[in-house]
Amino acid sequence: MARKSAFSSEYSWFKGNLHSHSTRSDGKLDPPQVVELYRSNGWDFIAFTEHEFYSYWQELSSDDFLVLPGIEMGLDIPKFGRCHHLLGIHKSGNGAKHLVKAPPAEKDGMAGAQEEIYRLGKEGYLTIYCHPLWSRVEWEDISELRGFTAIEIYNHSSEMENHSGLHLDHWDSFLRRGIKVWGVATDDSHHWMEDYCGGWIMVNAPQLTVADLTEALVAGRFYSSTGPTITDFGLDGDEVYIECSPAKAIHIVTYEPWGRSFYAEPGKSISSAVHRVRGNEIFVRAEVVDSNGKTAWTNPIFLDKKA
Ligand SMILES: [Zn+2]
Ligand SMILES: [Zn+2]
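Treat the numbers as computed from the prediction; the structure is a model and nothing was measured.

Criteria and cut-off values
All chains use their own residue numbering, which begins from 1 and follows the written sequence. Labels are handed out in written order, letters beginning with A for the chains and numbers beginning with 1 for the ligands. Side-chain atom pairs in this predicted model are given and counted only at pLDDT of 80 or more, local residue features only at pLDDT of at least 70, and totals for whole chains, interfaces and linings cover all residues. As a rule here, side-chain values come from all non-hydrogen atoms in the structure, and water together with hydrogens is ignored. A pair of strands is considered paired only if DSSP assigns at least 2 bridges between the two. For helices the rule is a DSSP run of H or I covering at least 4 residues; for strands it is a run of E covering at least 2, with both sets numbered from the N terminus onward. With water excluded from the atoms, a metal site may look incomplete; its donors are any N, O or S atoms within 2.8 Å, or within 3.2 Å for Na, K and Ca. Any residue under 20% of the maximum accessible area for its type is buried, any over 50% is exposed, and the rest in between are partly exposed; the area is computed with a 1.4 Å probe on protein chains only. Pairing of aromatic rings covers Phe, Tyr and Trp, the last counted by its six-membered ring, and requires centre-to-centre distances within 6.5 Å; plane angles under 30 degrees mean stacked, over 60 mean edge-to-face, and any other angle means tilted. Lysine and arginine charges are scored as sitting over a ring when NZ or CZ, respectively, is within 6 Å of the ring centre and within 35 degrees of the ring normal. Every angle, taken between N-to-C directions, lies between 0 and 180 degrees, and every axis is a line fitted to C-alpha atoms, over only the stretch in contact when it is a helix. For each domain, the first and last residues come from an automatic or database assignment. Throughout, a residue-residue contact means that at least one pair of heavy atoms, one from each residue, lies within 4.5 Å. Buried area is calculated as the accessible area (1.4 Å probe) missing from two parts once they are joined, with the contributions of both summed. A pairing counts as a salt bridge when a side-chain nitrogen of Lys or Arg comes within 4 Å of a carboxyl oxygen of Asp or Glu. Whenever a nitrogen or oxygen atom comes within 3.5 Å of another N or O atom, the pair is scored as a polar contact, on the condition that within protein one atom can donate a hydrogen and the other can accept it, and that pairs from neighbouring residues in sequence are kept only if both atoms are in side chains. Under this grouping Gly is polar, as are all residues other than the nonpolar Ala, Val, Leu, Ile, Met, Phe, Trp, Tyr, Cys and Pro and the charged Asp, Glu, Lys and Arg. The set of buried Ala, Val, Leu, Ile, Met, Phe, Trp, Tyr and Cys residues whose side-chain atoms join them within 4.5 Å is what this entry labels a nonpolar core.

**Regarding the pairing of strand β15 (residues 239-247)**
Working step 1: In this sheet, β15 lies alongside strand β14 (residues 230-236) in antiparallel orientation, the contact comprising 6 bridges. Each bridged residue has a counterpart across the sheet, and for Leu235 the counterpart in β15 is Val240.
Working step 2: Joining the antiparallel neighbours β14 and β15 is a turn of 2 residues, in which Gly237 adopts a positive phi near 65°.

See the structure below:
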């Protein structure tokens, strides 16, 4: 059987950050400074996602750098220390609001977050559930949420601030129930500390446009990283395969039956792995860990056949 890759070799790779703040909310740098910082570090795109404030800095885009229209909405949860944050990224740019305050959420808790997902969707925005560990939410707070494109699995600012940046349990809780939600790594950069260029996504898309990037986001045609590169990931019959930059470990994660971890011998590295699935896994995804402990995460492939 032919290999079925999660990516297209016809498309290009674009590196970007879907979550950043500027002086328009609680960030330290103004929008042109933020764009210059990311551009000079090799990023291809960013989204400004100010708190309860729409922005679309089209004039800061150029041939080789794209600014996406975005917003971050916050909602209360009537439990101590918990909240919901959601990113909205406009899917085409057409009709995206600029320098407009968002209406306050009418409800709180899970029902309020669900309404916000629907409200942003009606305005043409895809939604991403933010930093669940930082927000101190548990499964009971998010279990019924549907209709959002992705969940943050790594938030660099949360990690730098108080070691609450990694959110894999929340993600797998959706995936193991067959709920298709992609995982994104972001910076959530505010620039009061070194919270930038630490978590990103690599998007496999035809061109650097708002429509092409968001179409790839919705399709899950991207991976997340804090360091390693993933060059291919897919299925070859009943084998899942991955190819990547030199790694000390590659983890194939499956539910409910376990996947398998592969390790390089001491002083050596590995750059591929193949794992035969049993056929009764709900999904399979992979994690690549390099010698510095940096990680890359593929999106899940859902297996249709059930034992
Ligand atoms: Zn937030
Ligand atoms: Zn934020």
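**Some remarks on the coordination of the zinc ion (ligand 1)**
Working step 1: Within the protein, the atoms that donate to the zinc ion (ligand 1) are Glu72 (OE), His85 (ND1) and His131 (NE2), at distances of 2.0 to 2.2 Å.
Working step 2: Counting along the primary sequence, the residues that act as donors to the zinc ion (ligand 1) give the motif E-x12-H-x45-H.
Working step 3: For the pair the zinc ion (ligand 1) and the zinc ion (ligand 2), the metal-to-metal distance amounts to 3.5 Å, and Glu72 bridges them. Taken as a pair, Glu72 in strand β6 (residues 70-76) and His85 in strand β7 (residues 83-90) lie far apart in primary sequence, 13 residues in all. His85 carries the same exposure label as Glu72, and that label is buried.

**Some details on the packing of aromatic side chains**
Working step 1: For the structure shown, the criterion picks out 12 aromatic pairs.
Working step 2: Aromatic pair Phe7 and Trp13: ring centres 4.8 Å apart, planes at 70°, arrangement edge-to-face.
Working step 3: The class for Phe7 is buried, based on a relative accessible area of 12%.
Working step 4: Trp13 gets classed as partly exposed once you look at its relative accessible area, which sits at 29%.
Working step 5: The ring centre of Trp43 lies 4.1 Å from the NZ or CZ of Lys15, which sits over that ring.
Working step 6: Its end group placed over the ring of Trp200, Lys15 keeps NZ or CZ at 4.2 Å from the ring centre.

**Topic: the sheet that holds β6**
Working step 1: Spatially, the 5 strands line up as an open sheet ordered β6-β7-β9-β10-β11, and their pairing is mixed. Unpaired on one side and paired on the other, β6 and β11 (182-186) mark the two borders of the sheet. Across this sheet, the average inter-strand angle for adjacent strands is 35°, counted without regard to direction.
Working step 2: Bridge count between strand β9 (residues 125-129) and strand β10 (residues 150-155): 2 bridges; the pairing is parallel.

**With respect to the domain arrangement of the protein**
Working step 1: Domain assignment breaks the protein into domain 1 (3-225) and domain 2 (230-302).
Working step 2: One C-alpha centre belongs to domain 1, the other to domain 2, and the line joining them spans 25 Å.
Working step 3: Each partner contributes to the interface: domain 1 provides 26 residues, whereas domain 2 provides 21 residues.
Working step 4: At the boundary of domain 1 with domain 2, total buried surface from both sides reaches about 2000 Å², with 56% on carbon and sulfur atoms.
Working step 5: The three residues of domain 1 that bury the most area against domain 2 are Arg3, Arg176 and Tyr223, which together make up 31% of that side's buried surface.
Working step 6: Counting across the domain 1 and domain 2 interface gives 4 salt bridges.
Working step 7: Here Asp236 ties to Arg3 by a salt bridge, and the two come within 4.0 Å at their closest N and O atoms.
Working step 8: The tally of links between domain 1 and domain 2 comes to 11 residue pairs in polar contact (both at pLDDT 80 or more).
Working step 9: Those elements giving two or more residues to the side of domain 1 that touches domain 2 turn out to be β1 (3-5), β10, α5 (168-175), β11 and β13 (222-225).
Working step 10: The residue makeup of the side of domain 1 that touches domain 2, split by class, is 15 nonpolar, 6 polar and 5 charged.

**Let's talk about the nonpolar core**
Working step 1: Counting residues in each nonpolar core, the largest one holds 36 residues, and the members touching the most others are Ile230, Phe233, Ile242, Ile250 and Ile252.
Working step 2: Broken down by secondary-structure element, the contributors of at least two residues to this core are α1 (31-40), β3 (45-48), β12 (200-205), β14, β15, β16 (249-255), β18 (270-276) and β19 (283-289).
Working step 3: A total of 4 residues in this core trace back to one element, the largest contributor, which is β15.
Working step 4: The residue makeup of this core includes at least three contributed by each of domain 1 (3-225) and domain 2 (230-302).
Working step 5: Sequence-distant contacts of Ile230, defined by excluding residues within four places in its chain, comprise Phe7, Trp13, Tyr223, Ile242, Glu243, Cys244, Val288, Ala296, Trp297 and Thr298.
Working step 6: Counting residues in each nonpolar core, the second largest holds 31 residues, with Tyr54, Leu120, Cys130 and Leu213 among its members.

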